[in-house]
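# Inside the fold
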Protein chains: 2
Amino acid sequence: MTNRDINYHKDSFILNQPGQKGRVAALNASHQYSLPLEDISLPAAVIKQSALRNNLDWMQRFAQQHGVHLCPHGKTTMTPDFFQQQLDHGAWGITVATPAQAEVAALAGAQRIIMANQLVGRTNMAIIANLIREHDIEFFCCADSLSNLDQLDTFFQQQSVNLNVLLEYGVEGGRCGCRTAEAMLELADAIQGMPALTLRGIEVYEGVIHGDNAEQHIRHFLTETLDMTVSLAMDGLIEGKPIVTGAGSAWYDVVAETFAFLDRCIAVIRPGCYAIHDTGIYFDAQNKVMARAHTNKGREHQGKACDLGGDLHSALEVWAYVISRPEPNKLVVGMGKRDVAFDAGLPIAERGYRNGKPISVQGLTATAVMDQHTFITVSEESGIDVGDVIAFSTSHPCLTFDKWRYIAMCDDNYVVRHWVETCF
Amino acid sequence: MTNRDINYHKDSFILNQPGQKGRVAALNASHQYSLPLEDISLPAAVIKQSALRNNLDWMQRFAQQHGVHLCPHGKTTMTPDFFQQQLDHGAWGITVATPAQAEVAALAGAQRIIMANQLVGRTNMAIIANLIREHDIEFFCCADSLSNLDQLDTFFQQQSVNLNVLLEYGVEGGRCGCRTAEAMLELADAIQGMPALTLRGIEVYEGVIHGDNAEQHIRHFLTETLDMTVSLAMDGLIEGKPIVTGAGSAWYDVVAETFAFLDRCIAVIRPGCYAIHDTGIYFDAQNKVMARAHTNKGREHQGKACDLGGDLHSALEVWAYVISRPEPNKLVVGMGKRDVAFDAGLPIAERGYRNGKPISVQGLTATAVMDQHTFITVSEESGIDVGDVIAFSTSHPCLTFDKWRYIAMCDDNYVVRHWVETCF
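Thresholds applied
Residue positions are given per chain, counting from 1 as you read along its sequence in written order. In the order they appear in the text, chains get letters beginning with A and ligands get numbers beginning with 1. Totals for whole chains, interfaces and linings use every residue, but because this is a predicted model, local features are given only for residues with pLDDT of at least 70 and side-chain atom pairs only at 80 or more, for both listing and counting. To obtain the side-chain values, all non-hydrogen atoms of the structure were used and water was disregarded. A pair of strands is labelled paired if DSSP reports no fewer than 2 bridges between them. Helix and strand definitions follow DSSP, with helices as H or I runs of at least four residues and strands as E runs of at least two, each counted in order from the N terminus. The contact criterion used throughout is that any non-hydrogen atoms of two residues lie within 4.5 Å. Lines fitted to the C-alpha atoms define the axes, with helices restricted to the stretch that makes contact. Angles between their N-to-C directions range from 0 to 180 degrees. Residues below a pLDDT of 70 in either copy are left out; the C-alpha atoms of the rest, at least 70 in both, set the least-squares superposition of the copies. Between buried and exposed lies partly exposed: a residue is buried under 20% and exposed over 50% of the maximum accessible area for its type, with that area taken using a 1.4 Å probe on protein chains only. Here a polar contact is taken to be a pair of N or O atoms separated by no more than 3.5 Å, where protein atoms must pair a possible hydrogen donor with a possible acceptor and residues adjacent in sequence count only if both atoms sit in side chains. An automatic or database domain assignment supplies the start and end points of every domain. By buried area we mean how much accessible surface two parts lose on assembly, using a 1.4 Å probe and totalling the loss over both. A pairing counts as a salt bridge when a side-chain nitrogen of Lys or Arg comes within 4 Å of a carboxyl oxygen of Asp or Glu. Here the angle decides the label: under 35 degrees means roughly parallel, over 145 means roughly antiparallel, 65 to 115 means roughly perpendicular, and every other value means oblique. Put simply, a crossing is left-handed when the front helix is turned counterclockwise from the back one by less than a right angle, and right-handed when it is turned clockwise. The classification used treats Ala, Val, Leu, Ile, Met, Phe, Trp, Tyr, Cys and Pro as nonpolar, Asp, Glu, Lys and Arg as charged, and all other residues, Gly among them, as polar. Pairing of aromatic side chains here covers Phe, Tyr and the six-membered ring of Trp, requires ring centres within 6.5 Å, and sorts the geometry by plane angle: under 30 degrees stacked, over 60 edge-to-face, intermediate tilted. pLDDT expresses, on a scale from 0 to 100, how confident the predictor is about each individual residue. For this analysis, a nonpolar core means a set of buried residues of the types Ala, Val, Leu, Ile, Met, Phe, Trp, Tyr and Cys, connected via side-chain atoms within 4.5 Å. What counts as a disulfide here is a pair of cysteine sulfur atoms lying within 2.5 Å.

The strands making up a sheet associate through backbone hydrogen bonding, with each pair oriented either parallel or antiparallel. Residue and element names in this part refer to chain B. Taken in spatial order, the eight strands make up an open sheet running S3-S10-S9-S8-S7-S6-S5-S4, and their pairing is parallel. The open sheet has two free edges, formed respectively by strand S3 (69-70) and strand S4 (94-96), since each of these has just one partner strand. Pairing of strand S6 (residues 138-143) with strand S7 (residues 163-169), which is carried by four bridges, proceeds in the parallel orientation. Counterpart to Cys 141 in the pairing with S7 is Val 165. Contacts from helix H8 (residues 214-234) reach S7, strand S8 (197-204) and strand S9 (243-246) within the one sheet, and its direction differs from that of S8 by about 160 degrees.

Okay, structure coming up:
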């Protein structure tokens, strides 16, 4: 993996490989590359280091305030450098969605990995068996069917490797997960007869619960989950202190409150997008977290998000050029579906620059995104012209990240000194 | 670029790097990896070599039948191995959308590169100036504004490099391009006073013309474009034999017919998706190409698509596992927005396998795609279970490709012997 090489040179890693989006054309002696002064090829994906650090710190303190462990979902960024920063901030482990992602997390130094997903297929199982054998990690995957448990037990017995399993509990109309307590118990019982498998706890993803009474349903679902975990443990069906884990980036507060300061369980939350945040769906979700905190302040384990001070900040931008103004009200920007997420709102123009100086981007609205272009409406009076630079925020971060192999890390003056590599 | 290393080992390049989607877990002596037998980690993106070869051959013959040059748009695949195959089949050059893509095309051996887009920004211009200096290539970019021409002339004069420019002509409500013949003439005149720039012809992208009379409007637009090219050339404003170029993958037939066997121009078509094709929007577009060929057979330069024999074939699939069947009518597949395009219809289940043997996927319909999961409805009677393998076709190919760093190349038995690297 080139990732290891890059970490080695981390402090001076300058992106000047041919064919790479967002690279510099020539090295300079200072190793300082200004985005407003156009030292970097655009479009470029840019992370503001201070915002990232703020977010990592904020969520770690949030987890600590609730006495829960933070095991951030790595799928958002798939950036080993960020995994390391999350672990350095005190993360309990890294969450992933696939065996390939688990390998990246292990190579980045995670010693606990939750694959919050089913482990299915011979080669996928082989990748995980190798990982457990070769790295000193505690690995957990989810299961919600007898078929899958049988397949796992057969494979891991052959490999003489033990596999930790979390049973997944879900909701009707949701994603994976058993739909009833009876089905959960049946699987927990079955695992007792499977020599290669060890049941370690229960996993849920509450983010699939929607609708008007979502919060109430989620609280009920989480309480059920917790009761079930304790009950299975008391029945002797879970090995060791049982793990109970949930939380995406929208309802992590409700999960942390429900699982706060448990004596009898290891409680783990798994938000991912918090590290990058955005100006769209996660901005809205975080506003709701803060509103709930204000409303519930004073109740046991609730309202902590207000007490922490500060908030999450949007850390990711895509910078691009106006390449055409073919009609008085239309700009075409050199940034497209190849560069930016487009499934949760279109990119938002945050700031503009000409010759390094700020220019107004007021009134600019993205109306469509093609593979390599974004259309923007603009008032006829606007002075925006071809060659102007625009920094866009985006939602949601996962789908912008996976468009980029290298992300520029900038300071608060938008000066870049190094790039980080993504591993999608 | 690792791409060069990979080409060197091309015949034996087996994907076994940790953290890579679609890799093998262990090398085997035969270097043959069967998809139905689950030798490869899923999800995996897979190209059927015979379908790719068929498509490259078909479109090359199509261009030859019309006496036009084929300069395939490389943005679809960004796969140097495929660029080389396209050049080996007789492509005139490679089309790209950005300076980073132009570098990849040059490193893959393209000696003519059309950047069918505006070249904007100091570092982007520096990348192209270096490319022209260091590689023996003919490079062309588009322009549609005086601002851009001024910026280009200033930069390339400083670099003592000459830049070939194609003026872009467009339509009201479309993308880039001058909206009137007067604006085109004004820019052509301006270029005469710009020492670093050479006007070489006119570029259009007819794919932005939609509506009920799209074909008629496109034919009119192309005729106008051709007249304008000849007129600018006769006025001495274009250097050398003028280039006239258009065509995405939907209307390439109409462009080829309009530009067929020109004496006074170099006519170039630039379809890209044809190489991969699909079972969605480009399948529909190609059916319309064939229908037009039947209707117009016998007219001058028309109806050739029928005479060629054969047709384009869908070459790309994403293979994935059923990871959960949480409700009798619902399957969850381990493939998401991180793996497959979702902006032009959802993935279509083409074939299924269990223990290497075909199983029916009839009645399976994708209803939603999340970051790492696809939801499929299934009849209660279906025997599909966790661990079953499903091969999905997808639309459109550009946005599936950019999710993958390596693509498995399979034979007609779905056996993979090597992988190709993408360069997004």
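When chain B is fitted onto chain A, the two copies agree to an RMSD of 0.0 Å after a turn of 180 degrees and an axial shift of 0.0 Å. The transformation just described matches what one would write down for a two-fold rotation axis. Rotation axis and chain B: the residue whose C-alpha lies nearest the axis is Lys403(B), separated from it by 3.6 Å. A symmetric contact is evident, with 100% of the interface residues of chain B recurring at the interface of chain A.

Turning our eyes to something else, we now look at the environment of Asp144(B). Along the chain, the position of Asp144(B) falls in the loop between S6 and helix H6 (146-159). When its relative accessible area of 10% is taken as the criterion, Asp144(B) is described as buried. Remark: the alpha-carbon pair of Asp144(B) and Asn213(B), spanning 69 residues in sequence, is separated by 26 Å. The contacts of Asp144(B), once residues within four sequence positions are left out, are Ile323(A), Ser324(A), Gln118(B), Glu168(B), Cys176(B), Gly177(B), Cys178(B) and Leu187(B). Within polar-contact distance, the side chain of Asp144(B) engages the side chain of Ser324(A) at 2.5 Å. There is a polar contact of 2.8 Å between the side chain of Asp144(B) and the backbone nitrogen of Gly177(B).

Bringing the domain arrangement of chain A into the picture now. Residues and elements named next belong to chain A. As far as domains go, chain A holds domain 1 (3-49 + 313-421) and domain 2 (50-288). Residue-level contacts link 25 residues of domain 1 with 25 residues of domain 2. Note on domain 1 versus domain 2: buried area summed over both sides is about 2,000 Å², and carbon and sulfur give 59% of it. Looking only at domain 1, the three residues that lose the most surface to domain 2 are Gln 49, His 313 and Phe 401, adding up to 26% of its buried area.

A word on the interface of chain B and chain A. Across the boundary between the two partners, chain B contributes 77 residues, which contact 77 residues of chain A. Between chain B and chain A, roughly 6,100 Å² of surface is buried when both sides are summed, and carbon and sulfur atoms account for 49% of that area. Three residues stand out in chain B for area buried against chain A, namely Arg175(B), Arg338(B) and Arg405(B), and they jointly supply 12% of the buried area on that side. Put simply, chain B and chain A have 14 salt bridges between them. We note a salt bridge from Glu103(A) to Arg23(B), for which the minimum N-O separation is 2.3 Å. Seen at the junction of chain B and chain A, the total is 54 residue pairs in polar contact (both at pLDDT 80 or more). Residue assignment for the side of chain B that touches chain A shows that the elements contributing at least two residues are helix H4 (99-107), strand S5 (112-118), helix H5 (122-134), H6, strand S11 (316-327), strand S12 (330-333) and helix H12 (397-401) of chain B.

Next up on the list: the packing of H5(B) against H6(B). Each pair of packed helices can be summarised by the angle the axes make with each other and by the distance between the axes. Residue and element names in this part refer to chain B. Between H5 and H6, whose axes approach to 10 Å, the crossing angle comes to 45 degrees. The orientation of H5 with respect to H6, classified from their angle, is oblique. Crossing geometry of H5 relative to H6 is assigned as right-handed. Contact residues: H5 offers Arg 122, Met 125, Ala 126, Ile 128, Ala 129, Ile 132 and Arg 133, while H6 offers Gln 151, Leu 152, Phe 155, Phe 156 and Gln 159. Per-class residue counts for the contact of H5 with H6 are eight nonpolar, two polar and two charged.

The next thing to look at is the sheet that holds strand S6 (residues 138-143) of chain A. Residue and element names in this part refer to chain A. Strand order in this open sheet of eight strands is S3-S10-S9-S8-S7-S6-S5-S4, and the pairing throughout is parallel. The open sheet has two free edges, formed respectively by strand S3 (69-70) and strand S4 (94-96), since each of these has just one partner strand. Bridge count between S3 and strand S10 (residues 266-269): two bridges; the pairing is parallel. Each bridged residue has a counterpart across the sheet, and for Leu 70 the counterpart in S10 is Ile 269.

All names here are of chain A. Tallied over the full model, the rule gives 21 aromatic pairs over all chains. Pairing Trp 319 with Tyr 353 gives two aromatic rings, centres 5.2 Å apart and planes at 10 degrees, and the pair type is stacked. With Trp 319 in strand S11 (residues 316-327) and Tyr 353 in strand S13 (residues 348-354), the pair connects residues that are 34 residues apart, well separated along the chain. The buried category is assigned to Trp 319, whose relative accessible area is 0%. For Tyr 353, a relative accessible area of 7% gives the class buried.

Turning our attention to helix H3 (residues 80-88) of chain B. Residues and elements named next belong to chain B. The buried fraction of H3 is high, at seven of nine residues. Among all positions in H3, only Pro 80, Asp 81, Phe 82, Phe 83, Gln 84, Gln 85 and Gln 86 are buried. Two residues or fewer after H3 comes Gly 90, characterised by a positive phi angle close to 115 degrees.

We now examine the pattern of salt bridges. Residues and elements named next belong to chain B. Counting across every chain of the model gives 38 salt bridges over all chains. In this structure, the salt-bridge partner of Arg 200 is Glu 138, at a minimum N-O distance of 3.1 Å. Note that Arg 200 is positioned in strand S8 and Glu 138 in strand S6, a separation of 62 residues in sequence. For Arg 200, a relative accessible area of 15% puts it in the buried group. Taking the relative accessible area as the measure of exposure, Glu 138 reaches 28% and is therefore partly exposed. Arg 292 is the salt-bridge partner of Asp 253, the closest N and O atoms lying 2.8 Å from each other. You can see Asp 253 sitting in helix H9 (residues 252-258) and its partner Arg 292 sitting in helix H10 (residues 281-296), a full 39 residues away along the chain.

What follows deals with the confidence of the model for chain A. Residue and element names in this part refer to chain A. Residue-level pLDDT values for chain A average 95, and 97% of them are 70 or greater. For residues 1-9, every residue scores under 50 in pLDDT, and the model assigns this stretch 13 contacts once sequence neighbours within four places are set aside. Overall fold confidence (pTM) sits at 0.96, and the ipTM for the predicted complex is 0.96.

One finds Ile47(A), Phe156(A) and Leu163(A) to be the most contacted residues of the largest nonpolar core, which totals 115 residues. Looking at this core, the element that brings in the most residues is helix H8 (residues 214-234) of chain A, giving eight residues. Built from parts of two domains, this core gets at least three residues from each of domain 1 (3-49 + 313-421) and domain 2 (50-288) of chain A. Discounting chain neighbours no more than four positions away, the residues touching Ile47(A) are Leu52(A), Phe82(A), Ile276(A), Ala315(A), Leu316(A), Phe401(A), Ile407(A), Ala408(A), Met409(A) and Cys410(A). In terms of nonpolar packing, the next biggest core, distinct from the first, is built from 110 residues, Ala188(B), Leu232(B), Tyr252(B) and Ala267(B) among them.

A word on the state of the cysteines. Taken as a whole and judged by the stated rule, the model has zero disulfides over all chains. Cys142(A) provides the cysteine sulfur closest to Cys265(A), a residue in no disulfide bond, and the two sulfurs are 16 Å apart.

So, about the environment of Leu87(B). All names here are of chain B. One can find Leu 87 in helix H3. As a C-alpha pair, Leu 87 and Leu 119 span 32 residues in sequence and 24 Å in three-dimensional space. Beyond its immediate chain neighbours, meaning those up to four positions away, Leu 87 contacts Gly 93, Ile 94, Ala 108, Gly 109 and Ala 110.

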